[in-house]
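Here are the chains, one letter per residue:
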Amino acid sequence: MGRASAEKRSGRQTVDDYLSFWRYSRRAIALVWSTHRSLTVALGLLTIAAGIMPAGIAYVGKLIVDAVVVAIDANRAGGAPDYARTFELVALEGVLVAALAGVQRGIGFCQSLLRVLLSQRVNLLILDKALTLTLAQFEDSELYDKLNRARQEASIRPLSLVNRTFALGQNAVSLGSYAGLLFAFSPWAVAILVAAGLPAFIAETRFSGERFRAFQWRS
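All figures in this text were calculated on a predicted structure; none of them were measured in a lab.

A. Structural detail: the overall build of the protein. Helix and strand counts for the protein come out as seven helices and zero strands. Sequence-ordered secondary structure for the protein, helices as α and strands as β, is α-α-α-α-α-α-α. Residue burial in the protein is summarised as follows: out of 219 residues, 23% are buried. Sequence separation of 24 or more characterises 81% of the internal contacts of the protein that already satisfy a separation of 6 or more.

Here it is, written out as structure tokens:
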């Protein structure tokens, strides 16, 4: 009976942690949005592009294989293989790979700028909050520790949460694009892809909260 109630509380806590992640992510994104809207939009667009491009590269690779097979068949039949089509696809794949590398560099550039701007913004918010406090509140060790931790982690924690949220969206876009390509091949391949990702998702959801609580307890 006690074990069942403990498992029930653990499941409820996991759901609560999952919902709290989205709640804090929304607040972090709102903070980053108010810090610099253009960089936030650029980061979102680059993240979407980084999620779509790998599927595009895979599809062009499939076209290259098809073109090579057609050229081999044409050569065996005594015809003239269309090498230009193959070279065009190889060049297109090279462009996509270079574009993906550029998009990843752009994401890193936006994150670096947002880290600096967000650190300055959070420090200003902390100073504004400190101006409203009394001397007795400054003597409270717990409140002082919270302000000090917020100042030290101003350039790390909010942007890290936003980056994780965007990374989750990027992975979702990549998974959806790959699923679209695989669905044209076989619906069972999509089902296998989803089933293969479930264990890692469940494990990450189950143990990430405990890892965070252990890290917070140590700090």
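B. Geometry of the pattern of salt bridges. All told, the structure shown has one salt bridge when counted by the stated rule. Across the salt bridge formed by Lys62 and Asp66, the nearest N and O atoms sit 3.0 Å from each other. You can see Lys62 and its partner Asp66 sitting in helix α2 (residues 37–76), four residues apart, about one turn around the helix. Relative accessible area serves as the criterion here: at 44%, Lys62 is assigned to the partly exposed category. Look at Asp66 and you get partly exposed, because its relative accessible area is 33%.

C. Examining the layout of surface pockets more closely. Its boundaries defined by the atoms lining it, the second largest pocket holds a volume of some 190 Å³. In this structure, the second largest pocket is lined by Ala58, Tyr59, Lys62, Tyr178, Gly180, Leu181, Leu182, Ala184 and Phe185. If one sorts the elements of the lining of the second largest pocket by residue count, helix α6 (residues 157–185) sits on top with six residues. A breakdown of the residues in the lining of the second largest pocket according to their chemical character gives seven nonpolar, one polar and one charged.

D. Focus on the nonpolar core. Core analysis: the largest hydrophobic core is formed by 21 residues, its most contacted members being Leu43, Leu114 and Leu118. Contributing elements (two or more residues each) for this core: α1 (2–35), α2, α3 (83–131) and α6. Among the elements that line this core, the one with the most residues is α3, at eight residues.

E. Here's a closer look at the confidence of the model for the protein. Mean pLDDT for the protein: 79, with 84% of residues reaching 70 or above. Mean pLDDT values for the elements of the protein range from 63 in α1 up to 89 in α2. Here residues 1–8 is modelled with pLDDT under 50, and outside its nearest four sequence neighbours on either side it reaches zero contacts, counting other chains as well.

The rules behind the values
Residues numbered from 1 in each chain as written. Predicted model: local features only at pLDDT ≥ 70, side-chain atom pairs only at ≥ 80, totals over all residues. Heavy atoms only, no water. Helix = DSSP H or I, 4+ residues; strand = E, 2+ residues; numbered from the N terminus. Buried < 20%, exposed > 50% of the residue type's maximum accessible area, 1.4 Å probe, protein only. Contact = heavy atoms within 4.5 Å. Salt bridge = Lys/Arg side-chain N within 4 Å of Asp/Glu carboxyl O. 1 Å grid on protein atoms, 1.4 Å probe; cavity = no way out; pocket = protein on both sides within 12 Å on 5 of 7 lines; lining within 4 Å. Points joined across faces, edges and corners; volume = space filled by probe spheres on them. Nonpolar A, V, L, I, M, F, W, Y, C, P; charged D, E, K, R; others polar. Core = buried A, V, L, I, M, F, W, Y, C linked by side-chain atoms within 4.5 Å. pLDDT = per-residue confidence, 0-100.

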